[in-house]
Amino acid sequence: MSALFDLSGKFALVTGGAQGLGRMIAEGLLRAGATVAITSRKADACEAAAAEMAALGRCIALPCDLSSPEAAVDLAGRVRAACGGKLHVIVNNAGKTWGGPVDSFPDKAWPGVMMVNVQAPFTLLRELLPELEAAATPDDPARVINIGSVAGKVTERLSAYSYSASKAAIHMLSRDLAGDLAARNINVNAVMPGFFPTRMTAHMRDAEDVDPKVLAHIPMHRMGRADEIAGTIVFLASRAGGYITGAEIPVDGGLVGCG
Ligand SMILES: NC(=O)c1ccc[n+]([C@@H]2O[C@H](COP(=O)([O-])OP(=O)(O)OC[C@H]3O[C@@H](n4cnc5c(N)ncnc54)[C@H](OP(=O)(O)O)[C@@H]3O)[C@@H](O)[C@H]2O)c1
């Protein structure tokens, strides 16, 4: 059974893999045997995270700020050079949010969020199509996994207007691309996390204590754990997940499914 989830010999890119959810995902892929390239905006943080994760497997630091299409193209070039022509997995995890009341929600809260959360994943995929196709076979397709959010599926009342719109957009973009790329042996799925303890949800926690209102709202009454997001991504990246494409998969303690 463990061979079904084995990623030995595969090369994966995890954007934003130095910390937060991306770090949980990168560690899971490394433990499953993949070589993993991670990104962070800060070169020193990226190098330090890759060095720490080297205990789990081969981890490569590719610092970059995905605030422009040119930066995404540049990152794709460095991934191309690092992966030796075959890229098996992309996890588009890097994400940006902005919260504020509707009356004063600023126009500047839109372009950066849409760029990092929607356009950068598209540009990376477009640029890396030759490497994904080179890695893909009909029996074991290449995988693109886009990290969306429950906030793009159900109304969460977070006053994060550009964020929720961007996450709904990445879910739809994933399905659109899945339809177009199935014949080229590239699976594209969206994963929709609920609430995980990262920097993005820090305002909902006081140290380790989670706001009881947040927990009451989750059918399973707890936040997600590192193994639960990592396990979902390893499953989707592995032979076990080979028949899944165009899916929107909630990992959320029941928020979407039980709503
Ligand atoms: N935590 C949750 O409960 C939750 C729920 C639903 C969805 N998500 C999604 O999960 C993903 C990871 O978020 P997180 O919870 O781990 O939050 P986080 O700790 O704030 O991490 C955000 C990640 O995105 C990267 N990033 C932000 N702006 C970037 C930019 N301009 N260019 C390149 N990378 C950038 C960060 O990299 P550096 O800071 O290292 O540069 C970091 O790795 C996001 O897509 C988020 O929307 C999280």
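Just above, that's the structure.
The rules we used
- Residues numbered from 1 in each chain as written.
- Predicted model: local features only at pLDDT ≥ 70, side-chain atom pairs only at ≥ 80, totals over all residues.
- Heavy atoms only, no water.
- Helix = DSSP H or I, 4+ residues; strand = E, 2+ residues; numbered from the N terminus.
- Rg over C-alpha atoms; globule rule 2.2 N^0.38 Å.
- Buried < 20%, exposed > 50% of the residue type's maximum accessible area, 1.4 Å probe, protein only.
- Contact = heavy atoms within 4.5 Å.
- Areas by Shrake-Rupley, 256 points an atom, 1.4 Å probe, with all protein chains shown as cover.
- Lys, Arg positive; Asp, Glu negative; His and termini not counted.
- Charge placed at Lys NZ, Arg CZ, Asp CG, Glu CD.
- Core = buried A, V, L, I, M, F, W, Y, C linked by side-chain atoms within 4.5 Å.
- Pairing = 2+ DSSP bridges.
- Axes fitted to C-alpha atoms, helices over the stretch in contact; angles between N-to-C directions.

(A) Local environment of the overall build of the protein chain. Each helix and strand counted, the protein chain has seven helices and nine strands in total. Taken over C-alpha atoms, the radius of gyration comes to 17 Å for the protein chain, in line with the 18 Å a tight globule of 259 residues would show. Counting only C-alpha atoms, the protein chain reaches 50 × 40 × 40 Å along its principal axes. Looking at the 259 residues of the protein chain, the share that counts as buried comes to 50%. Counted over contacts in the protein chain with a minimum sequence separation of 6, partners at least 24 positions apart contribute 72%. About 11700 Å² of surface is accessible on the protein chain, with carbon and sulfur atoms providing 54% of the total. Computed over 24 positive and 26 negative side-chain charges, the inter-centroid distance for the protein chain is 1 Å.

(B) Representation of the nonpolar core in the model. With 34 residues, the main nonpolar core has Leu13, Leu87, Leu128 and Ile186 as its most contacted residues. With nine residues, helix H4 (residues 111-135) is the largest single contributor of residues to this core. With 33 residues, the next largest nonpolar core counts Ala26, Ala49, Met53 and Phe196 among its residues.

(C) View of the sheet that holds strand S6 (residues 186-193). The sheet built from seven strands is open, its strands ordered S3-S2-S1-S4-S5-S6-S9 with parallel pairing. Edge strands, defined here as strands with exactly one partner in the open sheet, are strand S3 (59-61) and strand S9 (248-251). Sheet twist, expressed as the mean angle between neighbouring strand axes with direction ignored, is 20 degrees. Sheet topology places strand S1 (residues 11-14) next to strand S2 (residues 35-38); four bridges connect them, and they run parallel. The partner of Leu13 across the bridge, within S2, is Ala37. The strands touched by helix H1 (residues 20-31) are S1, S2, S3, strand S4 (89-92), strand S5 (142-147) and S6; relative to S1, the strand with the most contacts, the crossing angle is about 170 degrees. Here helix H5 (residues 161-181) sits on the sheet and contacts S5, S6 and S9; the angle it forms with S6, its principal contact strand, is near 160 degrees.

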